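Structure at a glance
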Amino acid sequence: MIFAVLGLGEAGSLIAADLAAAGATVRGFDPRVAPPPGVIATGGDAEACAGADIVLSVNSATDAADALRASLPACGPDTIWADLNTATPGLKELLRTQAAGAVEVVDVALMSPVPGNGLRTPMAMSGPAAGRLATALGALGADVVVLDGPVGAAATRKLLRSVFYKGMAAAVVEALTAARAAGLEEWLRGTIAAELIRADAATLDRLVDGSRKHALRRRAEMAAAAELLGDLGVPPRIATASRDWLADLI
């Protein structure tokens, strides 16, 4: 089986290298990065895709449509075009429409960081050809879940999860930045770590139910927190957003 990997940044290089190590023929292209050992270098997207059974587009959401457009003439009708970029469901659907039956587009969401996992990074995928892609990648060691839904279903799950994970990360970084300015970073780090360790399924219910039940009091609390951050010279982006969100709950 021949794979083309478009985009050889951190994620693309690791996945391409693992595919090659698993015995697949892998052709790669990235205008800025040389392919890893075992991956055949090519001079462009179309050249990488010529004769490929599966194309993994791992460049970026902004480059995804251009990469598909440039590669379609080199792809066969049975080629699977797997878009692994983090993008909106609308962009994934645009790719499917752009392919216009020339290739089978599969929406793939990488659900964990690729470093340390490579090809074994948990993947969710959707679209009519997702089962075929899952079979091919699974045989080479990939960790794949096929979703019952159209192209865009995997992206929806990825982005909803990102609201939580990246939002939590933003809140933690903002809080620690303010704590550092107040000379309390070590204390707050310990507090946050202890809360994360104690968290369980009931924590989710407490967060949701408590926010609704105590929205009025918590809005005032977050307004005070935002004022404190301002006094410490830290832009209160998350604190202000939390204040306004609680106001909406009221």
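As a starting point, this report considers the structure included with it.

Cut-off values and rules
Residues numbered from 1 in each chain as written. Predicted model: local features only at pLDDT ≥ 70, side-chain atom pairs only at ≥ 80, totals over all residues. Heavy atoms only, no water. Core = buried A, V, L, I, M, F, W, Y, C linked by side-chain atoms within 4.5 Å. Buried < 20%, exposed > 50% of the residue type's maximum accessible area, 1.4 Å probe, protein only. Contact = heavy atoms within 4.5 Å. Pairing = 2+ DSSP bridges. Helix = DSSP H or I, 4+ residues; strand = E, 2+ residues; numbered from the N terminus. Axes fitted to C-alpha atoms, helices over the stretch in contact; angles between N-to-C directions. Right-handed = clockwise from strand over helix to strand, strands pointing away. Patch = residues over 30% accessible without salt bridge, like charges linked within 9 Å, V, L, I, M, F, W, Y side chains within 5 Å. Areas by Shrake-Rupley, 256 points an atom, 1.4 Å probe, with all protein chains shown as cover. Salt bridge = Lys/Arg side-chain N within 4 Å of Asp/Glu carboxyl O. Arc of directions from axis to C-beta.

Membership of the largest hydrophobic core comes to 32 residues, with the highest contact counts inside it found for F3, L19, V26, L56, M125, L133 and L137. Apart from residues no more than four positions distant in its own chain, L19 is found in contact with F3, V5, A24, V26, L56, L119, L137 and L140. Core analysis: the second largest hydrophobic core is formed by 18 residues, L6, A48, L68 and V103 among them.

Turning to the sheet that holds strand 7 (residues 123-126), a few remarks are in order. Ordered by their spatial adjacency, eight strands build an open sheet running 3-2-1-4-5-6-7-8, and the pairing between neighbours is mixed. Looking at the sheet topology across the chains shown, the edges are occupied by strand 3 (40-41) and strand 8 (144-146). Sheet topology note: the strand 1 (residues 2-6)/strand 4 (residues 54-57) ladder contains four bridges and is parallel. Pairing of F3 across the sheet is with I54, part of strand 4. Packed on one face of the sheet, helix 4 (residues 89-99) meets strand 5 (80-83) and strand 6 (104-110) and runs near 160° to strand 6.

Here we take up the pairing of strand 6. The buried fraction of strand 6 is high, at six of seven residues. Sheet analysis places strand 5 next to strand 6, joined by four bridges and oriented parallel. For D83, the partnering residue across the bridge sits in strand 6 and is D107. Remark: the strand 5/helix 4/strand 6 crossover connection has right-handed handedness. Of the pairings in the sheet, the one linking strand 6 to strand 7 comprises four bridges and is antiparallel in character. Bridged to L110 within strand 7 is M123.

Residues F164, Y165, M168 and L196 make up a contiguous nonpolar surface patch of roughly 400 Å² in combined accessible area. The greatest single-element share of the nonpolar patch, amounting to three residues, is contributed by helix 6 (residues 153-181). As for its position among the elements, M168 is in helix 6. Its relative accessible area of 30% is what places M168 among the partly exposed residues.

Once that is clear, we can look at helix 4. One turn of the α-helix equals 3.6 residues, which is why residues spaced by three or four share an orientation. Taken as a whole, helix 4 has its buried residues at L91, K92, L95, Q98 and A99. Looking straight down helix 4, one finds its buried side chains confined to an arc of 120°; they lie on one side. Buried residues in helix 4 make contact with helix 3 (61-71), strand 5, strand 6 and helix 6. Positive backbone phi, at 50°, marks A100, one or two positions downstream of helix 4.

With that settled, consider the environment of A109. The residue A109 is located in strand 6 in this model. Residue class for A109 comes out buried when judged on its relative accessible area of 3%. When the C-alpha atoms of A109 and D45 are compared, they prove to be 21 Å apart, with 64 residues separating the residues in sequence. Sequence-distant contacts of A109, defined by excluding residues within four places in its chain, comprise P122, M123, A124, A154 and K158.

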